[in-house]
Amino acid sequence: MRVLVIGNGGREHALAWKLADSRDVERVFVAPGNAGTATEPGVENLPILADDTDALILAARDHQVNLTVVGPEAPLVNGIVDRFQSAGLPCFGPSAGPAQLEGSKSFTKAFLDRHKIPTASWQAFTDPESARQYIKSQDVPLVLKADGLAAGKGVIIANDRGQALAAVDEILVDQRFGGAGRCLVIEDFLEGEEISFICVASGTQVVPLATSQDHKAREAGDRGPNTGGMGAYSPAPRVDAELHRRIMDEVIHPTVRGLAEEGMPYLGFLYAGLMIDTQGNPRVLEYNCRFGDPETQPILMRMRSDLAGLCQAALDGELDRFRIEWDPRFALGVVMVADGYPGEYPRGDKISGLQDIMSDNIKVFHAGTRQESGQTVTDGGRVLCVTALGATVDAAQQAAYGTVSTIHWPGAGWRPDIGWRALNR
Ligand code: AMP
Ligand code: GLY
């Protein structure tokens, strides 16, 4: 089997690494990939961007690819799976219809209400004056969201009405998020503990992956600006058997059934971002139509089953027969970022220490890196995700940070407290 992975982040390095390890896979191509996928055994980069669908289809044909796995959300929302299918190429991911779960927040909120799936109460606006009137009638905090894809930046948490009114101007009047902000969703602020619940779905069949938790804030103690994710671990001890059952019954099954009933059967990774309140009630914060980054890295470190086989079973409608085996150990990934992230940051800094890491329990997944004259240099905000397995949270955390301290470039940064919630339990 020959596999193509689309994307260039840490998630895609982990997907390519795991797919290359699958029994029936002879070669994995990554478009465009990074320095990590360039040097991974059995993996080869193709210099094609993730949004160049025509070139990707040609490459998939040229290289006789039998399975394509799409990493990021933008190509999925833009219908890459529909294009591959029309070209007769098997592609693992949702088509444009169900990918609206991530592509449009107002679509998702209306869908959740139609199917009585718990979420914060909300209203959508295109007219700034109606949005302002609504804010005046509501308690704060409020959460204001640009409807469309905004690279993780389209959500503003307003602690007072002044901030909420300013966010209306930013999104609807000044159109800071362009077309993604033509529509504004305003919803109630939910308190609790946030978890990531990621599944593989194929129509109404669904297999949950191991649970995980991300760290979105840049600074220790969950302070500072929001990021794509500064580190993650699996499993999430907060999700006990009872909560797991409730999430499947109250959120995941109604979602895949509802999509199928509405003529949009889902295929691919389905990621529910959930807020769990103090009574243990799950509510949907967001849906993503893809695997999480950095959740993919610790989750796949623990996966003992064949990932290509799992994707193939989903494509064949045989997910019900697939059992996923997990390493019982804990996996924890620390994201190393460039100086300034999530704001402006430099590129092209030489990274040292990567070649000295020799342990079966540690894997350094690359994200924003590239090769330049035989050296690995930084090429993005999130640069690496150092991921470690350990018998306990503590052991995994020590192993990951032990390795982080041996990797260097000017201005490298990371959060020192990845895993704090699990450690506190
Ligand atoms: P989203 O892209 O919708 O997941 O929003 C990004 C982040 O904002 C989430 O991961 C949460 O941390 C936070 N967030 C979103 N919606 C809410 C809400 N209704 N209440 C509290 N926090 C929220
Ligand atoms: N780690 C959050 C995300 O992938 O959206």
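Overview of the structure. For clarity, every value in this text was computed on a predicted model and none was experimentally measured.

1. Digging into the overall build of the protein chain
Along the backbone of the protein chain there are 14 helices and 22 strands. Computed over the C-alpha atoms, the radius of gyration of the protein chain is 21 Å, within 12% of the 22 Å expected from 2.2 N^0.38 for a compact globule of 425 residues. Considering only C-alpha atoms, the protein chain reaches an extent of 60 × 45 × 45 Å along its principal axes. With 425 residues in all, the protein chain has 57% of them scored as buried. Counting contacts in the protein chain only where the partners sit at least 6 residues apart, residues at least 24 apart contribute 68% of the total. Computing the positive centroid from 40 side-chain charges and the negative centroid from 55, the protein chain places the two 2 Å apart.

2. Examining empty space enclosed by the protein
Taken as a whole, this structure holds one cavity of 30 Å³ or more when the rule is applied. Here the largest cavity is characterised by a volume of approximately 40 Å³. Lining the largest cavity are Gly 10, Asp 293, Gln 297, Val 335, Ala 367, Arg 382, Leu 384 and Cys 385. No other element matches strand β22 (residues 382–390), which puts three residues into the lining of the largest cavity. A per-class count over the lining of the largest cavity returns four nonpolar, two polar and two charged.

3. A closer look at the site of ligand 1
Taken together, the neighbourhood of ligand 1 is formed by 13 residues, with Lys 145, Glu 187, Leu 190, Glu 194 and Glu 286 sitting nearest. Lys 145 is positioned such that a nitrogen or oxygen atom in its side chain is 2.9 Å from an oxygen atom of ligand 1. Side-chain polar atom of Glu 286 to an oxygen atom of ligand 1: 3.0 Å apart, as the coordinates give it. Listed by contribution, the elements that provide at least two residues to the shell around ligand 1 are β7 (142–146), β9 (184–188) and β17 (282–288). For the shell around ligand 1, a count of residues per class yields six nonpolar, no polar and seven charged.

4. Some words on the pairing of strand β21 (residues 375–378)
Examined bridge by bridge, strand β20 (residues 369–372) and β21 share four bridges and lie antiparallel to one another. Across the sheet, Gln 371 pairs through a bridge with Thr 376, a residue of β21. Linkage of β20 to β21, two consecutive antiparallel strands, is achieved through a turn of two residues, within which Ser 373 is found at a positive phi near 45°.

5. Details of the packing of helix α6 (residues 96–103) against helix α7 (residues 105–114)
Close contact between α6 and α7 brings their axes to 6 Å; oriented N to C, the two are set at 100°. By the angle between their directions, the pair α6 and α7 is classed as roughly perpendicular. On α7, the residues touching Gly 97, Gln 100, Leu 101 and Gly 103 of α6 are Lys 105, Phe 107, Thr 108 and Phe 111. Class assignment of the residues belonging to the contact of α6 with α7 gives a composition of three nonpolar, four polar and one charged.

6. A word on the sheet that holds strand β10 (residues 193–202)
Overall, antiparallel pairing links the four strands, which are arranged β11-β10-β16-β17 in an open sheet. Looking at which strands have only one partner, the edges of the open sheet turn out to be β11 (205–208) and β17. The average undirected angle you get between the axes of adjacent strands in this sheet is 35°. The pairing of β10 with strand β16 (residues 267–276) spans ten bridges and is classified as antiparallel. By the bridge assignment for β16, Ser 202 is matched with Leu 267. Where helix α10 (residues 241–261) meets the sheet, it contacts β10, β11, β16 and β17, and its direction lies at approximately 50° from that of β17.

7. Things to note about the packing of helix α8 (residues 128–136) against helix α9 (residues 161–173)
Interaxial distance between α8 and α9 falls to 10 Å at its minimum, and their mutual angle equals 165°. Judged by the angle between their axes, α8 and α9 are roughly antiparallel. Where α8 crosses over α9, the handedness of that crossing is right-handed. Here α8 contributes Pro 128, Ala 131, Arg 132, Ile 135 and Lys 136 to the contact with α9, which in turn contributes Arg 161, Ala 164, Leu 165, Val 168, Asp 169, Leu 172 and Val 173. Split by residue class, the contact of α8 with α9 holds eight nonpolar, no polar and four charged.

8. Details of the site of ligand 2
Around ligand 2, the structure places Asp 214, Lys 216, Gly 228, Tyr 271, Asn 288, Arg 290, Gly 292, Asp 293, Pro 294 and Glu 295. Between ligand 2 and Asp 214, the relevant distance is 2.7 Å, taken from a nitrogen atom to a side-chain nitrogen or oxygen of the residue. A distance of 2.8 Å is found between an oxygen atom of ligand 2 and a side-chain nitrogen or oxygen belonging to Arg 290. Coverage of ligand 2 by the protein amounts to 91% of the 200 Å² it exposes when considered alone. Classifying every residue of the shell around ligand 2 by side-chain character gives two nonpolar, three polar and five charged.

Reading the values: the criteria
- Residues numbered from 1 in each chain as written.
- Chains lettered and ligands numbered in written order.
- Predicted model: local features only at pLDDT ≥ 70, side-chain atom pairs only at ≥ 80, totals over all residues.
- Heavy atoms only, no water.
- Helix = DSSP H or I, 4+ residues; strand = E, 2+ residues; numbered from the N terminus.
- Rg over C-alpha atoms; globule rule 2.2 N^0.38 Å.
- Buried < 20%, exposed > 50% of the residue type's maximum accessible area, 1.4 Å probe, protein only.
- Contact = heavy atoms within 4.5 Å.
- Lys, Arg positive; Asp, Glu negative; His and termini not counted.
- Charge placed at Lys NZ, Arg CZ, Asp CG, Glu CD.
- 1 Å grid on protein atoms, 1.4 Å probe; cavity = no way out; pocket = protein on both sides within 12 Å on 5 of 7 lines; lining within 4 Å.
- Points joined across faces, edges and corners; volume = space filled by probe spheres on them.
- Nonpolar A, V, L, I, M, F, W, Y, C, P; charged D, E, K, R; others polar.
- Near = heavy atom within 4 Å.
- Polar contact = N/O pair within 3.5 Å; in protein donor to acceptor, adjacent residues only side chain to side chain.
- Pairing = 2+ DSSP bridges.
- Axes fitted to C-alpha atoms, helices over the stretch in contact; angles between N-to-C directions.
- Parallel < 35°, antiparallel > 145°, perpendicular 65-115°, else oblique.
- Left-handed = near helix turned anticlockwise from the far one by under 90°.
- Areas by Shrake-Rupley, 256 points an atom, 1.4 Å probe, with all protein chains shown as cover.

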